[in-house]
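# Coordinate inspection notes
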Amino acid sequence: MKILVCISNVPDTTTKITFTPDNKQFNTAGVQFVINPYDEYALTRAIELKEAQGGTVTVLNVGEADTEANIRKALAIGADDAIRVNAKPTDAFFVATQIANIAKQENYDLILMGKESVDYNGFQVHGMVAEMLGIPSITPGVKLDVNGNTATVQREIEGGHEIIDAQLPIVVSAQQPMCEPRIPNMRGIMTARTKPLKVVEPTGSATKTEIDAFSLPPQKTGVKMISPENAGELITLLRNEAKVI
Amino acid sequence: MSVLVVIECANGEVKKSSLEAATYGSKVAQQMGTTATAIAIGDISEENLKHLGAQGIKKVLFDNDARLKNFVNLAYVKVIAAAAQKEDSKVIILSNTNIGAAIGSRLAVRLEASLATNVVALPEISGSTFKVKRGVYSGKAFAEVNLTSDRKIIAVKKNTIEVGHEAGEASVENFSASLTDADFAAAPKEVIQQTGDILLPEADIVVSGGRGLKGPENWHLVEDLAKALGAATACSKPVADVDWRPHHEHVGQTGITVSPNLYIAIGISGAIQHLAGVNSSKVIVVINKDPEAPFFKAADYGIVGDAFEVVPKLIEAAKQLH
Ligand SMILES: Cc1cc2nc3c(=O)[nH]c(=O)nc-3n(C[C@H](O)[C@H](O)[C@H](O)COP(=O)(O)OP(=O)(O)OC[C@H]3O[C@@H](n4cnc5c(N)ncnc54)[C@H](O)[C@@H]3O)c2cc1C
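Residues numbered from 1 in each chain as written. Chains lettered and ligands numbered in written order. Predicted model: local features only at pLDDT ≥ 70, side-chain atom pairs only at ≥ 80, totals over all residues. Heavy atoms only, no water.

## So, the pairing of strand β4 (residues 56-63) of chain A
Residue and element names in this part refer to chain A.
- Among the eight residues of β4, seven are classified as buried, and the element is accordingly described as predominantly covered.
- Judged from the five bridges that link them, strand β1 (residues 2-6) and β4 form a sheet pairing that is parallel. When the bridges of β4 are listed, Lys-2 appears paired with Thr-56.
- By the bridge criterion, six bridges tie β4 to strand β5 (residues 81-86) in an arrangement that is parallel. Across the sheet, the residue bridging to Val-59 is Ala-82, located in β5.
- Tracing the backbone out of β4, into helix α2 (residues 68-77) and back to the parallel element β5 gives a crossover that is right-handed. (Buried < 20%, exposed > 50% of the residue type's maximum accessible area, 1.4 Å probe, protein only. Helix = DSSP H or I, 4+ residues; strand = E, 2+ residues; numbered from the N terminus. Pairing = 2+ DSSP bridges. Right-handed = clockwise from strand over helix to strand, strands pointing away.)

## Re the pattern of salt bridges
- Counting across every chain of the model gives 32 salt bridges over all chains.
- Linking A:Glu131 and B:Arg106 is a salt bridge whose minimum nitrogen-to-oxygen distance equals 2.7 Å. Residue A:Glu131 is found in helix α4 (residues 125-133), and its partner B:Arg106 is found in helix α4 (residues 98-110); the two belong to separate chains. This pair shows no difference in class: A:Glu131 is buried, exactly as B:Arg106 is.
- Within the structure, one salt-bridge network assembled from shared partners comprises B:Lys16, B:Glu20, B:Lys158 and B:Asp204. (Salt bridge = Lys/Arg side-chain N within 4 Å of Asp/Glu carboxyl O.)

## Observations concerning the layout of surface pockets
Residue and element names in this part refer to chain A.
- Size it by volume and the second largest pocket reaches roughly 1300 Å³.
- Lining the second largest pocket are 45 residues, with Lys-88, Pro-89, Thr-90, Asp-119 and Tyr-120 sitting closest to its centre.
- Those elements giving two or more residues to the lining of the second largest pocket turn out to be β2 (9-11), β4, α3 (92-106), β6 (110-114), α4 and β12 (209-215).
- Partitioning the lining of the second largest pocket into residue classes produces 19 nonpolar, 16 polar and ten charged. (1 Å grid on protein atoms, 1.4 Å probe; cavity = no way out; pocket = protein on both sides within 12 Å on 5 of 7 lines; lining within 4 Å. Points joined across faces, edges and corners; volume = space filled by probe spheres on them. Nonpolar A, V, L, I, M, F, W, Y, C, P; charged D, E, K, R; others polar.)

## What to know about the interface of chain B and chain A
- Listed per partner, the contact involves 88 residues of chain B and 74 residues of chain A.
- Counting every contact that joins chain B to chain A gives five salt bridges.
- Two residues, A:Asp212 and B:Lys131, come together in a salt bridge whose shortest N-O distance is 2.9 Å.
- On inspection of chain B and its partner chain A, the count reaches 40 residue pairs in polar contact (both at pLDDT 80 or more).
- Here the element with the most residues in the side of chain B that touches chain A is α4(B); it accounts for nine residues.
- For the side of chain B that touches chain A, the per-class residue count stands at 44 nonpolar, 26 polar and 18 charged. (Contact = heavy atoms within 4.5 Å. Polar contact = N/O pair within 3.5 Å; in protein donor to acceptor, adjacent residues only side chain to side chain.)

Structure, rendered in structure tokens:
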């Protein structure tokens, strides 16, 4: 089985988010970048499937050279080879176009990615790639198994789950508890250095959205404390003051 | 050239998130000097669809194909794309749900549209610019985004707009697209409904518990308070990781994002990844025995105290409300 895992490079989840003074760009000063947490589920599940059934796992990132540390990390976790499309991931449509172009040349059986990246929170790339390739996408998947040419996916919907059997090739976006994400071990880190990482140039530059400015949410004005002895008072305040119950 | 609103239905009712989307869509239509049409598929009656008039919808296109009772991604996208073509809709409104994302991402490619998910306000439209505000960095920030294609698709986050209550009924028209076997290629073979409880993504009030509650045997505190308030229950990530609670209750940066009117956090420290999933809630209440817990900084009301003493008092007081 030939599996493609798409990963994005995002600020560590503990990052305090700030922007450049003109509010046009994310301020990367002092920020550590990690593999998008949802993509770690996709990557680990791909590696588990490969270990159980044979095949290859290729990781793909659309990003500039500074993402290579995290691509190497994905190789250390167990991917076989990597492709970096040398471009800033300007919007979901652009990223999906790049992924679809590579997938068209390689005929992967399964394309996995996180349901969204925790920076842009688009929740779009999975379906865009699938539509560009004319194959089904199942999103978000919380369980994934493959048996021969059939994938069985448990998909989370609001208020329940769907069980879906689909013929490969398909796209699945991952969310926990799909698997327990792995961290690289020493041997993985050593072998990752020599695994192939191919850099390709993007095709086109078309986007469909443009970020105009960023802003931060308003600060809370302060918390009103209620003594634990009079805890019931809270309920009165929620009804009469905050008017939310 | 109407604005098209995609309606999600469950158990014969229009979902609350779709009532909000319908209200949003009719406001956008007003901004653009046109009307709002809805497309509804699946498990709903014509009678219930007429009530969308209250949210400002003038006309509902209704596909009651029995095969589409449950969500079938490819088939739904085909029907909605056909409706958008028929109505020549330049703006399509979805709910920011798993279903909305599954539809919107494909539809955007098929209709060559700009797509903005997680939208938190009405658009700013002037001349040829069409700008929306959306949540980014897992609720830690917002971005103003220009949608540059001729056609735009917007997925509206819950609680962005108050559900409208106008007088008037929508007209309902039957609608269908010609579906083939390929459109059912990844149709669900089984749907497991979560029954009984109030659904977390739809809830107006959420009561959430963290590791401070010590173990699953103490969850009656969360459940009883939720019941007394008509709330959904949620939890922090470590609670789901050790299986005290199911994963679909886990809120935060790597779980569900919620934006209810009221979020009550019991025994949750308020780690940045947890806050990311809840900080767009209108009112936040924090109950924690540690006065230094970071969650108090994000709270509107707080009680420093032992959950095992405080919560029973809240349950009592909440029961008195009825
Ligand atoms: C990549 C990544 C992603 C993450 N994503 C998420 C996410 O999506 N959601 C999430 O929740 N976390 C997430 N986390 C974990 C997060 O960092 C915290 O570890 C987690 O939120 C802590 O959960 P908690 O508050 O329940 O537990 P703790 O941090 O252990 O806090 C327990 C709290 O309970 C209080 N307490 C104890 N006893 C009592 C009592 N008797 N009465 C009242 N209060 C009491 C304590 O004072 C403490 O504040 C993520 C972490 C990483 C690294």
